[in-house]
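One letter stands for each residue in the lines below.
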Amino acid sequence: MGQLSETQIKATKPGPKEFFLNDGDNLFLRVRETGKAWVYRYEWEKKPIKLGFGPYPAVSLALARAKAREANTLRASGLDPREVRRQQEEQARVAQLNTVERLARAWHASAKKDREWSDGYAEKVIRHLEIHVFPWVGDRSIETIPPTEIVRCLHRIKDRGNLETAQRVREAVQHVYQYAVDIGALEPARNFVNKNTGGLPPPRSRHFAAITDPEKLGQLMRDIQEYKGAFITRCALRLAPMMFQRPGQIRFADWEDISLDIKLWRCPPEKMKMREWQKRDSRTPAHLVPLPRQAMEILQELYPLTGPSGPVFRSMSRRSEKSRYMSENTVNAALRAMGYDTKEDITGHGFRATARTMIREYLGWDPDVIERHLAHVSDEELGGSYDRTTFLTQRREMVQQWADFLDDLQARKMPAQAENVLQFVRPPVPKARHA
């Protein structure tokens with residue numbers, strides 16, 4: 001029989017330190033200034049263990065004693081009450097994940113945290129599942145779904161011509177099934193989703209549309225110069241081929257990142273394309289982009305309109321925080337408005353390939369210098385860890401030559417024969433050496 005009574009428990013007042021009242025059968029009432037709670041105390045494998053039974057009076061004296069008797073029975077049977085509780089809680093958690101959608105969302109939350117996904121990538125993954133999987137099998141138990149159901153989901157995507165999306169959805173579903181196995185919601189033998197499910201052919205690799213012909217590039221530069229759209233958009237269009245940075249870097253540039261006095265644009269890690277953990281690592285350096293004379297002139301024209309702080313390429317919409325920056329479609333929309341096909345002719349991202357190809361071919365610069373300007377790491381073994389060369393001095397000279405080259409292309413219509421271009425291009429500079 002227990003030693004405590006309801007009257008005694010209610011009359012007990014907390015002291016400056018916590019203390020325990022013994023009710024027998026290893027059951028104690030812990031009394032603190034914050035309240036009273038039941039604790040079951042025992043030893044397991046010669047280690048003292050405390051197992052909470054809940055607060056008083058939410059858990060009554062009678063219920064706490066019943067829990068203590070149950071724990072004593074488990075110990076008499078050779079079972080650890082704490083481990084039994086853990087297993088019961090895990091089973092209850094798994095039982096709640098009784099549909100494909102619930103399992104998928106649980107996997108997604110876990111993967112986003114463990115793999116440190118960016119918010120944008122995480123949103124893309126879950127949207128693929130919401131659009132292509134949940135409407136068909138989301139409300140069903142994962143154990144009841146035959147392989148053909150998953151295959152149909154993938155083929156619906158493929159038949160619309162979105163093979164790459166089908167591949168990505170299959171990969172996500174594969175992870176969901178493995179997650180279900182890992183937490184005990186699915187028997188391993190029922191995990192039939194793998195890299196061959198659906199028999200999808202590998203997607204065709206397509207590069208971003210880019211211009212590498214001098215005559216066509218000259219025409220594009222003249223078209224950009226004559227563009228009649230918004231002034232901010234025109235400035236972004238003029239800078240994109242000149243700076244050949246990723247569209248996202250340009251779009252999210254802030255005036256605080258740009259030093260007009262030293263002609264340098266500092267791109268912080270959080271605005272670069274890299275792993276989330278790298279963005280948050282204080283040791284990750286900013287990407288430095290030297291500014292040629294022509295870029296400085298454009299920025300100085302833009303400064304009175306969007307400076308001195310905040311987005312360089314400000315959106316004209318102020319409806320939300322996201323709309324502070326120019327839309328990701330702005331540059332491509334302007335190119336289409338000028339008559340260019342952004343899938344076949346040129347796209348905002350394609351300016352990188354244009355510069356990478358033509359600087360090497362016509363200006364003769366060392367690929368390592370160009371790659372650093374593109375924010376690509378060294379191809380050498382362990383280069384990303386040990387090769388931290390920035391080539392800033394060389395890149396200052398390179399981007400100025402490139403900007404001058406674009407001016408030359410814009411100023412005259414180039415002959416069709418590529419070799420004629422070399423008649424007026426500056427002589428190739430010596431290859432840059434590693435610092």
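Conventions adopted
- Residues numbered from 1 in each chain as written.
- Predicted model: local features only at pLDDT ≥ 70, side-chain atom pairs only at ≥ 80, totals over all residues.
- Heavy atoms only, no water.
- Salt bridge = Lys/Arg side-chain N within 4 Å of Asp/Glu carboxyl O.
- Helix = DSSP H or I, 4+ residues; strand = E, 2+ residues; numbered from the N terminus.
- Buried < 20%, exposed > 50% of the residue type's maximum accessible area, 1.4 Å probe, protein only.
- Core = buried A, V, L, I, M, F, W, Y, C linked by side-chain atoms within 4.5 Å.
- Contact = heavy atoms within 4.5 Å.
- Pairing = 2+ DSSP bridges.
- Axes fitted to C-alpha atoms, helices over the stretch in contact; angles between N-to-C directions.

### Section: the pattern of salt bridges
Item 1. Counted by the stated rule, this structure contains 16 salt bridges.
Item 2. For Arg86, the salt bridge is made with Glu83, and the minimal N-O distance between the two is 2.8 Å. Within this pair, Arg86 and its partner Glu83 are both found in helix H3 (residues 81-96), separated by three residues, close to a single helical turn.
Item 3. Accessibility expressed as a relative area gives 44% for Arg86, which makes it partly exposed.
Item 4. Ionic pairing is found between Asp119 and Lys112, a salt bridge with its closest N-O pair at 3.1 Å.
Item 5. The partly exposed category is assigned to Lys112, whose relative accessible area is 32%.
Item 6. Where salt bridges share partners, they join Glu101, Arg105, Arg127 and Glu130 into one cluster.

### Points about the nonpolar core
Item 1. Counting residues in each nonpolar core, the largest one holds 56 residues, and the members touching the most others are Leu217, Leu220, Phe313, Leu335, Ile359 and Trp402.
Item 2. Counting only elements with at least two residues in this core, the list comes to helix H9 (214-225), helix H10 (231-243), strand E6 (264-267), helix H13 (293-306), helix H14 (330-337), helix H15 (350-363), helix H16 (367-373) and helix H18 (392-411).
Item 3. When residues in this core are grouped by element, the largest group, eight residues, is from H10.
Item 4. Among residues more than four places away in sequence, those in contact with Phe313 are Ile232, Cys235, Ala236, Leu239, Ile250, Arg251, Ala253, Leu302, Arg324, Tyr325 and Met326.
Item 5. Counting residues in hydrophobic clusters, the runner-up holds 36 residues, among them Ile145, Ala172, Val176 and Val193.

### Thoughts on the sheet that holds strand E7 (residues 287-290)
Each strand in a sheet pairs with its neighbour through backbone hydrogen bonds, running either in the same direction (parallel) or in the opposite one (antiparallel).
Item 1. Strand order in the open sheet formed by three strands is E5-E6-E7, and the pairing between neighbours is antiparallel. Only two strands of the sheet have a single partner each, and these edge strands are strand E5 (258-259) and E7.
Item 2. One ladder, built from two bridges, connects E5 with E6; its direction is antiparallel. Its bridge partner being in E6, Ile258 is matched across the sheet by Trp265.

### Notes on the sheet that holds strand E3 (residues 35-44)
Item 1. The four strands lie next to each other as E1-E2-E3-E4, forming an open sheet whose pairing is antiparallel. Among the strands making up the open sheet, the edge pair consists of strand E1 (19-24) and strand E4 (47-56). Looking at each pair of strands side by side, their axes are set apart by 30° on average, direction ignored.
Item 2. The pairing of E1 with strand E2 (residues 27-32) spans five bridges and is antiparallel. Across the sheet, the residue bridging to Gly24 is Leu27, located in E2.
Item 3. Along the sheet, helix H2 (residues 61-76) contacts E1, E2, E3 and E4; its crossing angle with E3, the most-contacted strand, is approximately 10°.

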